[in-house]
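# An overview of the molecular structure
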Amino acid sequence: SSGINAEYGVLNDAVSIVMCDSVINFDDSTSTAWAITLGVGSFFVKFTVSSLVGVMFALALAIILKYVHLNKVPSLEFCTVGLFAYGPYFLAEGLNYSGIMAILSSGIVMSHYAHFNLSPVTQITVQQTFRTFAFLAESMVFAYLGMAIFSFSHSFKPAFVIWTLILCLVGRAINIFPISVIVNKFREHQIDFKKQFVMWFSGLRGAIAFSLALHLPFPNEKRRVIVSTTLVIVLFSILFFGGSTMPLMKLLQNIDSDDKVPTKHKKLPQSDEESEDEEDSEADEEFALSKTMEMGRSMEASQIPGETEEVWHGTKGFTVLDNKYFIPFFRKKFTRQEIQD
């Protein structure tokens, strides 16, 4: 559920930036209905064009890595990935579209196609490098939020803060639970209610919301109230929701284990090595919320000829087209000699 929540949070941030930009560009001289229509149209145009820019960059990178043997020079391969990773952002921003939406869609497609065309060494290097930069950027953001408490003049309205927090929670509930029901109809692995609840409970942060509030073109007094309210909600969600997410996940895990009926059997004596292996396996089952604690897979077995037989029984929708056409077209099949080299 932590992976789903992370992906949902990134998409939520991207959509928030596009939507905020569309609302700010409302023309006060037009009627309300026409302004809303223009705003909705502007949102979908920016969302679609920005996503297409990212997808095109990602597919182009997948084709280049498949047919150009950059895996023989890992440093050049790594630089190519870096250029294509941030290229969509600069192009979309230059065209006055959403750079974060472009880089998000590019990352999703790259992780599905282009990533598996990299050599194993570059795969791990790219993963750990990007995770390191992500961790540093996230740390800087929260450090900035902490300094913002003392750097800005604030104007707190308790009633406004409370109602904003309540409406944020209600909005997330309206967003997550119905959409999860719809998405489950097309997913092979269902998002159960407990995962939905964790997504609702742990997803309310707000670094993007705070940065957007700082750039709102409002008079100073109104802007000060909005910035102060946003900062309070961000800090409250980080300290309360963020701090209680791990205990909540452990509680839900314990409930799952209690629901399972234990089978009575006689426990055989174990050697010291078997006991250590069992302790390691139990430790592996613990939750890991940090992005930097996961190494990830360096290569799928399906990329090695003769290793697996591709079976699509039980799949439906885009998965069938993806397995049958897109993956063979965009992913590279490595020979055993290439893997050994």
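Structural notes, computed from the coordinates.

Assigned secondary structure in the protein consists of 12 helices and 0 strands. If you list the helices and strands of the protein from N to C, you get α-α-α-α-α-α-α-α-α-α-α-α. In the protein, the proportion of contacts linking residues at least 24 apart, taken out of those at least 6 apart, comes to 78%. Put simply, the protein shows about 21800 Å² of open surface, and 66% of that area lies on carbon and sulfur atoms.

Side chains that are nonpolar tend, in soluble globular proteins, to be buried together. With 15 residues, the main nonpolar core has Leu61, Ala62, Leu65, Met110, Tyr113, Ala114 and Leu118 as its most contacted residues. Counting only elements with at least two residues in this core, the list comes to α2 (32-67), α3 (74-94), α4 (99-112) and α11 (318-330). Per-element accounting of this core gives the leading share, 4 residues, to α2. Core analysis: the next-biggest nonpolar cluster, separate from the first, contains 11 residues, Ile191, Trp200, Phe241 and Leu252 among them.

This part takes up the packing of aromatic side chains. Going through the model one piece at a time under the given rule, you end up with 16 aromatic pairs. Taking 5.7 Å as the distance between ring centres and 85° as the angle between the ring planes, the aromatic pair formed by Tyr89 and Phe90 counts as edge-to-face. For Phe90, a relative accessible area of 58% corresponds to the exposed category. Three or more aromatic residues link up through ring pairs in this structure, and these residues are Phe197, Trp200, Phe201, Phe236, Phe240 and Phe241. In this arrangement the basic side chain of Lys66 is found over the ring face of Phe329, its NZ or CZ atom lying 5.8 Å from the centre.

Here Ser106 lies in helix α4. The exposure class assigned to Ser106 is buried, which follows from its relative accessible area of 1%. Residues contacting Ser106, with those up to four places away along its chain left out, are Gly54, Ala58, Phe84 and Pro88.

This part covers a nonpolar patch on the surface. Together, Tyr86, Tyr89, Phe90, Phe130, Phe133, Phe135, Leu136 and Met140 line one region of the surface with nonpolar side chains, adding up to about 860 Å² of accessible area. Sorting the residues of the nonpolar patch by element identifies α3 and α5 (120-151) as the ones contributing at least two each. Looking at which element gives the most residues to the nonpolar patch, the answer is α5, with 5 residues. Mapped onto the secondary structure, Phe90 falls in helix α3.

So, on to the packing of α3 against α4. Taken N-terminus to C-terminus, the directions of α3 and α4 make an angle of 150°; their axes are 7 Å apart at the nearest point. Overall, the two elements α3 and α4 adopt an arrangement that is roughly antiparallel. The handedness of the crossing between α3 and α4 is right-handed. Residue-level inspection shows Phe84, Ala85, Tyr86, Pro88, Tyr89, Ala92 and Glu93 of α3 in contact with α4, the latter providing Gly99, Ile100, Ala102, Ile103, Ser106 and Met110. Each residue belonging to the contact of α3 with α4 can be placed in one class, and the counts come to 10 nonpolar, 2 polar and 1 charged.

Moving on, we get to unusual backbone geometry. In the Ramachandran plot, Asn96 falls in the positive-phi region, its phi being about 65° despite a non-glycine side chain. Mapped onto the elements of the fold, Asn96 is located in the loop between α3 and α4. For Asn96, a relative accessible area of 62% translates into the label exposed.

Given a rise of 1.5 Å per residue, 32 residues ought to cover 46 Å, and the 46 Å separating the end C-alpha atoms of α5 matches this to within 8%. Within α5, the full set of buried residues consists of Thr122, Gln123, Val126, Gln127, Arg131, Leu145 and Ala148.

It is the contact of α2 with α4, at a shortest axis distance of 7 Å, that shows an interaxial angle of 40°. Helix-helix and strand crossings are classified by hand; for α2 and α4 the assignment is right-handed. The residues of α4 that touch α2, namely those facing Phe47, Ser50, Ser51, Val53, Gly54, Val55, Phe57, Ala58, Leu59 and Leu61, are Met101, Ala102, Ser105, Ser106, Val109 and Met110. Class assignment of the residues belonging to the contact of α2 with α4 gives a composition of 11 nonpolar, 5 polar and no charged.

Reading the values: rules and limits
- Residues numbered from 1 in each chain as written.
- Predicted model: local features only at pLDDT ≥ 70, side-chain atom pairs only at ≥ 80, totals over all residues.
- Heavy atoms only, no water.
- Helix = DSSP H or I, 4+ residues; strand = E, 2+ residues; numbered from the N terminus.
- Contact = heavy atoms within 4.5 Å.
- Areas by Shrake-Rupley, 256 points an atom, 1.4 Å probe, with all protein chains shown as cover.
- Core = buried A, V, L, I, M, F, W, Y, C linked by side-chain atoms within 4.5 Å.
- Buried < 20%, exposed > 50% of the residue type's maximum accessible area, 1.4 Å probe, protein only.
- Phe/Tyr/Trp six-rings, centres within 6.5 Å; stacked < 30°, edge-to-face > 60°.
- Lys NZ or Arg CZ within 6 Å of the ring centre and 35° of its normal.
- Patch = residues over 30% accessible without salt bridge, like charges linked within 9 Å, V, L, I, M, F, W, Y side chains within 5 Å.
- Salt bridge = Lys/Arg side-chain N within 4 Å of Asp/Glu carboxyl O.
- Axes fitted to C-alpha atoms, helices over the stretch in contact; angles between N-to-C directions.
- Parallel < 35°, antiparallel > 145°, perpendicular 65-115°, else oblique.
- Left-handed = near helix turned anticlockwise from the far one by under 90°.
- Nonpolar A, V, L, I, M, F, W, Y, C, P; charged D, E, K, R; others polar.
- Expected span 1.5 Å × (residues − 1).

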